[in-house]
Amino acid sequence: MLDKLKTARRRLDTHEAAAFGPSIDVVKMAAVLISASIIVAALYLGRDVLLPLAVAFLIGFALNPLVSWLGNRGLPRILNVILVMTLVLAVLGGLGLLITQQARSLSAQLPFYQTTIRDKLGDLREMMQGPGIFDGAMRTVDAVQEEVKVEDATEVGPPPQKVELYVPPQSPFKTAIEWLTPAIEPLTTLGIIFVFVFLALLDRRDLRDRLLRLLGGNLHRSTAAIEEAGARISRYLLMQLLVNVTYGIPMAIGLWFIGVPGAIMWGTLAAVMRFIPYLGPALSAVFPIALAFAVDPGWNMVLLTVALIVFLELVSNNIVEPLLYGTSTGLSALSLIAAATFWTLLWGPVGLILSTPLTVCLLVLGRNIPQMQFLVTLLGSSPALDLPTRIYQRLIADDPEEAVEISNEAIEETSLIDYYDEVGLEVLRQASADYSRNSTAEYRLRIANGMDDLLDELREDYPAAPEAAIGPRVVCIGGKWEIDAVSSEMLAHALSTEGIRAEFRGASSIGLRKVAKLDLAEVDTLCISYFSDAPDVPARQICRRIRQNWPNVRIVLALWNCPEHLTVKDAHQMLGADALVTSVHEAVARIRRLLKPVEAQAEVLAAAPENDEERIRLLHETHLLDGHVREDLDLLAKRAADVFKVGFAVISAIDRDKEFIVGQSKDLPGVRTKDGTDMIVMRRDDAVCNHVVSTGEVLVVEDTQRDPMFAEHPAVELWNTRFYAGAPLKLPDGHVLGALCLLDNEPHELTEKETQLLETLAADVVAVITGEEADEVKLEDEKEPASATVGQMVPD
């Protein structure tokens, strides 16, 4: 009885949740709309206070890099702020004087242009007064108007009397007040902005701390938000200034050559007006065109001025701005227009100027505050859907043509194998996940037909390499169902483009009862694909049946959703296969290694760089191998291991035929030198870092077990590592002495920013080796504290 009551209660709770769920969503939506309305109203009503603050902080963002640069030279901050503000005022005053002189000269010449203006207007009037198709109609309208005037005159009576008003003269004081009153408000606003800018630059650290306190929550996330907002806004303002200068200077020079008076003034005006989005360039173009119309009796100067402005606009919009801006703001074009409209309605013309920086701040909040991530979708320039989801949606929408177009664009940016690994397989994963949950029979059919069309187009656009017509045969087969077959078709295509003789057989070819009917007599390798996350049992059974019928055929299992327990080193042996792969990259490399072992082994050996002899001479000149900076390098290795949270880090130097570990974060096994330096030494050909020296670029191996080139590498087996990342120790002239390496016994991924950080740490290592002082590292003052800190933070 109690169980029945509990069951009934659960059903009632479920029913209540289903009934009240929509109403709760409506309440949340209403709360969001009310909050947004209150915020917009506050922005509008408080514009008199908020506008000067926003302008001041915007100017502060632009001037802070210069203040910081002076501070790095050892000057007090208050002196830096005073110098920068004085410099800005001097520049603005100089430009003001120059523009004033040009304007005064131009105003003195304007009376002489009246004749030219009258003549041109007369010419235009004569052109417009020629006979036209509406002349008869216009004459009729004029006649009717004259008749009406006559009738009105006869009915009104006597003409009106002339009345003259007497206005007493004002005193000079009242006249001055009338002139000064309109200027008091803008002058006051400018004064407030000046004070805010000065205080913002002077108390930047305190303001940052207060903002961090207001943001609250995760200090790392708040710091990242402030840094990102500052970097994006500063870069935007700097790029905007460069764009405007590269527009204004050619404008002034071009107008001077054309002969338009006040060329410097118009060039300066063009540069300043471009700070106003959309409207500024058009407004700044009106004045020089109108002046050219007034100065030149002919039309050459007008046409040349218009041509110059159009040319500069095309160059600026299509070359200079894309080159300098890039993704400095991260805002989409549509969001920029919407933001300009919104802020202009709230704050007028100044809001138009501030629209981009303010919207950048909103975008940064969306990136770093989970509750506001919708702002990234609304405002960001990055696609709302990732690449696999976009293609999958096109297939659902029965639009394979656009899916093919998107796929070709992705392949052009990377490669076919990268596309299959990062996009193609992910599309199949989404289709597999939706197979029994969301999709209907119609959608499943669309996806199947769309994938057929997509792969047919890709095979036509990226045909097999000529050498794929000969050599050992590889057959790719789907394990259980259609998605397995599609993944096998992708793999066969990828293998053929890499020069491997591969063919695809559909899902109907495999199965326990059909194994004996497979024609594998002349097949060297059979690759079986599974998308299931539990492929152990069917894969083991299929492998056993194939072994019974074709014992000489090598079997490769492609487990695209490989479970964790099958990622260990010898998992393929437990399933009865010769190899196990989890990606298209790995599959191509493994199968090539099976078919062409000699060539694959040669790829493991890194070629020496062309300047190797010179590089070795420079290595010996640093005396690095005598161990005189060993303690400093050990500290840097510990710092790298701590920063990236890896098991250990080493610093290596590559000599003519040996690798020396000149710095390490902890004790490691290996053969050591006998000269007292106590360095681990190994053959150069056995060193992973030799590949870094060979290419001079960062090398990242996220999982050595999944990379055939390094899976059985001597250094990897010696230290039992599954992750490797090495950055070159590059001298200023480009020679590479060795590498700073991160290693761990678990797989890792490095983001682009983390890769750049690793290169920065490698530069610090080079600074220590060469005896130069690095900006970011001061080891002499922190040896003991750094060692203690690392020891406390890094787990055993």
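All values derive from a computational prediction rather than experimental measurement.

## A word on the overall build of the protein
Turning to step 1, where the next piece is worked out: Counting its regular elements, the protein contains 29 helices and 11 strands.
Turning to step 2, where the next piece is worked out: The buried share of the protein, taken over its 796 residues, is 41%.
Turning to step 3, where the next piece is worked out: Long-range pairs, those at least 24 residues apart, make up 69% of the contacts in the protein with a sequence separation of at least 6.
Turning to step 4, where the next piece is worked out: Just so you have it, the protein exposes about 45800 Å², and 61% of that area is on carbon and sulfur atoms.

## Considering the environment of Ala587
Turning to step 1, where the next piece is worked out: As for its position among the elements, Ala587 is in helix H21 (residues 584-595).
Turning to step 2, where the next piece is worked out: Distance from Ala587 to Ala558, taken between C-alpha atoms, is 7.3 Å for residues 29 residues apart in sequence.
Turning to step 3, where the next piece is worked out: In contact with Ala587, not counting residues within four places along its chain, are Leu491, Leu495 and Val581.

## A few points about a negative patch on the surface
Turning to step 1, where the next piece is worked out: Taken together, Asp398, Glu401, Asp452, Asp453, Glu457, Glu460, Asp461 and Glu482 make up a surface patch of like negative charges.
Turning to step 2, where the next piece is worked out: Examining the composition of the negative patch, we find that 5 residues originate from one element, helix H17 (residues 441-461), more than from any other.
Turning to step 3, where the next piece is worked out: Tracing the backbone through its elements, the reader meets Glu401 in helix H15 (residues 400-413).
Turning to step 4, where the next piece is worked out: Looking at Glu401, the relative accessible area reads 57%, which means it is exposed.

## Observations regarding empty space enclosed by the protein
Over the atoms, a rolled probe matching the size of one water molecule traces out where space is still vacant.
Turning to step 1, where the next piece is worked out: For the structure on display, the rule yields 1 cavity of 30 Å³ or more.
Turning to step 2, where the next piece is worked out: Space inside the largest cavity adds up to approximately 100 Å³.
Turning to step 3, where the next piece is worked out: Along the walls of the largest cavity sit 14 residues, with Val688, Ala715, Trp719, Tyr724 and Leu743 positioned nearest its centre.
Turning to step 4, where the next piece is worked out: Mapped by element, the contributors of at least two residues to the lining of the largest cavity are strand S7 (658-664), helix H27 (714-719) and strand S11 (736-744).
Turning to step 5, where the next piece is worked out: The dominant element in the lining of the largest cavity, judged by the number of residues it contributes, is H27, at 3 residues.
Turning to step 6, where the next piece is worked out: In terms of residue class, the lining of the largest cavity is made up of 12 nonpolar, 1 polar and 1 charged.

## So, the packing of helix H14 (residues 387-396) against H17
Packed helices, taken two at a time, are described by the angle their axes make and the gap between the axes.
Turning to step 1, where the next piece is worked out: Across the interface, H14 lies against H17 with an axial gap of 8 Å and an inter-helix angle of 115 degrees. In terms of orientation, H14 lies roughly perpendicular with respect to H17. Where H14 abuts H17, its residues Ile391, Tyr392, Leu395 and Ile396 lie against Tyr443, Arg446, Ile447, Gly450, Met451 and Leu454.
Turning to step 2, where the next piece is worked out: Of the residues that constitute the contact of H14 with H17, the class distribution is 8 nonpolar, 1 polar and 1 charged.

## What to know about the packing of H14 against H15
Turning to step 1, where the next piece is worked out: With their axes 7 Å apart at the nearest point, H14 and H15 run at an angle of 160 degrees to one another. One finds that H14 runs roughly antiparallel with respect to H15. Our pair here, H14 against H15, has a crossing hand that is left-handed. Across the interface between the two elements, Leu387, Arg390, Ile391, Arg394 and Leu395 of H14 pack against Pro400, Glu402, Ala403, Ile406, Ser407 and Ala410 of H15.
Turning to step 2, where the next piece is worked out: Across the contact of H14 with H15, the residue classes tally to 7 nonpolar, 1 polar and 3 charged.

## A few points about the environment of Leu358
Turning to step 1, where the next piece is worked out: Residue placement: Leu358 occurs in helix H12 (residues 333-368).
Turning to step 2, where the next piece is worked out: Separated by 15 residues in sequence, Leu358 and Trp343 place their C-alpha atoms 8.8 Å apart.
Turning to step 3, where the next piece is worked out: The contact partners of Leu358, leaving out residues within four places of it in the chain, are Trp343 and Trp347.

## Structural notes on the pattern of salt bridges
Turning to step 1, where the next piece is worked out: In the structure shown here, the tally under the stated rule is 23 salt bridges.
Turning to step 2, where the next piece is worked out: Of the charged contacts, one joins Asp524 and Arg554 as a salt bridge, the two residues approaching to 2.6 Å between their closest N and O atoms. Here Asp524, found in the loop between strand S2 (502-505) and strand S3 (525-530), pairs with Arg554, found in strand S4 (residues 554-559); they are 30 residues apart in sequence, far enough to count as distant.
Turning to step 3, where the next piece is worked out: Since its relative accessible area comes to 24%, Arg554 is described here as partly exposed.

## A word on a nonpolar patch on the surface
Turning to step 1, where the next piece is worked out: Residues Leu241, Val245, Ile249, Ile253, Trp256, Phe257, Phe275 and Ile353 make up a contiguous nonpolar surface patch of roughly 790 Å² in combined accessible area.
Turning to step 2, where the next piece is worked out: Take the nonpolar patch: its biggest share by element is 6 residues, from helix H8 (residues 219-258).
Turning to step 3, where the next piece is worked out: Turning to its location among the elements, Ile253 is positioned in helix H8.
Turning to step 4, where the next piece is worked out: Since its relative accessible area comes to 44%, Ile253 is described here as partly exposed.

## Some thoughts on the packing of aromatic side chains
Turning to step 1, where the next piece is worked out: Applying the stated rule across the entire model yields 6 aromatic pairs.
Turning to step 2, where the next piece is worked out: For the ring pair Trp266 and Phe287, a centre distance of 5.8 Å and an interplane angle of 5 degrees mean the geometry is stacked. On the criterion of sequence distance, the pair formed by Trp266 in helix H9 (residues 263-273) and Phe287 in helix H10 (residues 279-295) is long-range, its members being 21 residues apart.
Turning to step 3, where the next piece is worked out: Exposure remark for Trp266: the relative accessible area of 9% places this residue in the buried category.
Turning to step 4, where the next piece is worked out: The exposure class of Phe287 is partly exposed, given its relative accessible area of 42%.

## Things to note about the environment of Met85
Turning to step 1, where the next piece is worked out: Examined against the element boundaries, Met85 turns out to sit in helix H3 (residues 77-109).
Turning to step 2, where the next piece is worked out: Considering only alpha carbons, one finds Met85 and Phe194, 109 residues apart in sequence, at a separation of 8.8 Å.
Turning to step 3, where the next piece is worked out: Those residues in contact with Met85 that sit more than four places away from it in its chain are Leu63, Phe194, Val197, Phe198 and Leu201.

## Points about the sheet that holds strand S9 (residues 699-701)
The pairing of strands in a sheet happens through backbone hydrogen bonds and is either parallel or antiparallel.
Turning to step 1, where the next piece is worked out: Strands sit in the order S8-S7-S6-S11-S10-S9 across an open sheet of 6 strands; the sheet is antiparallel. Taken across any chain shown, the strands that pair with only one partner, and hence form the sheet edges, are strand S8 (680-683) and S9. Put simply, the sheet's adjacent strands are angled 25 degrees from each other on average, direction ignored.
Turning to step 2, where the next piece is worked out: Bridging between strand S6 (residues 648-654) and S11 involves 6 bridges; their strand directions are antiparallel. Bridging from a neighbouring strand, Ala649 pairs with Leu742 of S11.
Turning to step 3, where the next piece is worked out: The strands that helix H24 (residues 630-644) touches are S6, S7 and S11; relative to S7, the one it contacts most, it runs at about 75 degrees.

## Describing H15
Turning to step 1, where the next piece is worked out: With 14 residues, H15 should reach 20 Å at 1.5 Å per residue; the first-to-last C-alpha distance of 20 Å fits that figure.
Turning to step 2, where the next piece is worked out: When we look at burial in H15, the residues that qualify are Pro400, Ala403, Val404, Ile406, Ser407, Asn408, Ala410 and Ile411.
Turning to step 3, where the next piece is worked out: At its buried positions, H15 is contacted by H14, helix H16 (416-434) and H17.

## Some thoughts on the pairing of S3
Turning to step 1, where the next piece is worked out: Counted residue by residue, S3 has 6 buried out of 6 residues, so it is predominantly covered.
Turning to step 2, where the next piece is worked out: Alternating residues of S3 divide into Thr525, Cys527 and Ser529 and Leu526, Ile528 and Tyr530, and every residue in both groups is buried.
Turning to step 3, where the next piece is worked out: The pairing of strand S1 (residues 474-478) with S3 spans 5 bridges and is parallel. Directly across from Gly478, in S3, lies its bridge partner Ser529.
Turning to step 4, where the next piece is worked out: Across 6 bridges, S3 lies against S4 in parallel orientation.

Rules and cut-offs
Residues numbered from 1 in each chain as written. Predicted model: local features only at pLDDT ≥ 70, side-chain atom pairs only at ≥ 80, totals over all residues. Heavy atoms only, no water. Helix = DSSP H or I, 4+ residues; strand = E, 2+ residues; numbered from the N terminus. Buried < 20%, exposed > 50% of the residue type's maximum accessible area, 1.4 Å probe, protein only. Contact = heavy atoms within 4.5 Å. Areas by Shrake-Rupley, 256 points an atom, 1.4 Å probe, with all protein chains shown as cover. Patch = residues over 30% accessible without salt bridge, like charges linked within 9 Å, V, L, I, M, F, W, Y side chains within 5 Å. Salt bridge = Lys/Arg side-chain N within 4 Å of Asp/Glu carboxyl O. Lys, Arg positive; Asp, Glu negative; His and termini not counted. Charge placed at Lys NZ, Arg CZ, Asp CG, Glu CD. 1 Å grid on protein atoms, 1.4 Å probe; cavity = no way out; pocket = protein on both sides within 12 Å on 5 of 7 lines; lining within 4 Å. Points joined across faces, edges and corners; volume = space filled by probe spheres on them. Nonpolar A, V, L, I, M, F, W, Y, C, P; charged D, E, K, R; others polar. Axes fitted to C-alpha atoms, helices over the stretch in contact; angles between N-to-C directions. Parallel < 35°, antiparallel > 145°, perpendicular 65-115°, else oblique. Left-handed = near helix turned anticlockwise from the far one by under 90°. Phe/Tyr/Trp six-rings, centres within 6.5 Å; stacked < 30°, edge-to-face > 60°. Pairing = 2+ DSSP bridges. Expected span 1.5 Å × (residues − 1).

Read these as spatial facts, not as claims about activity.
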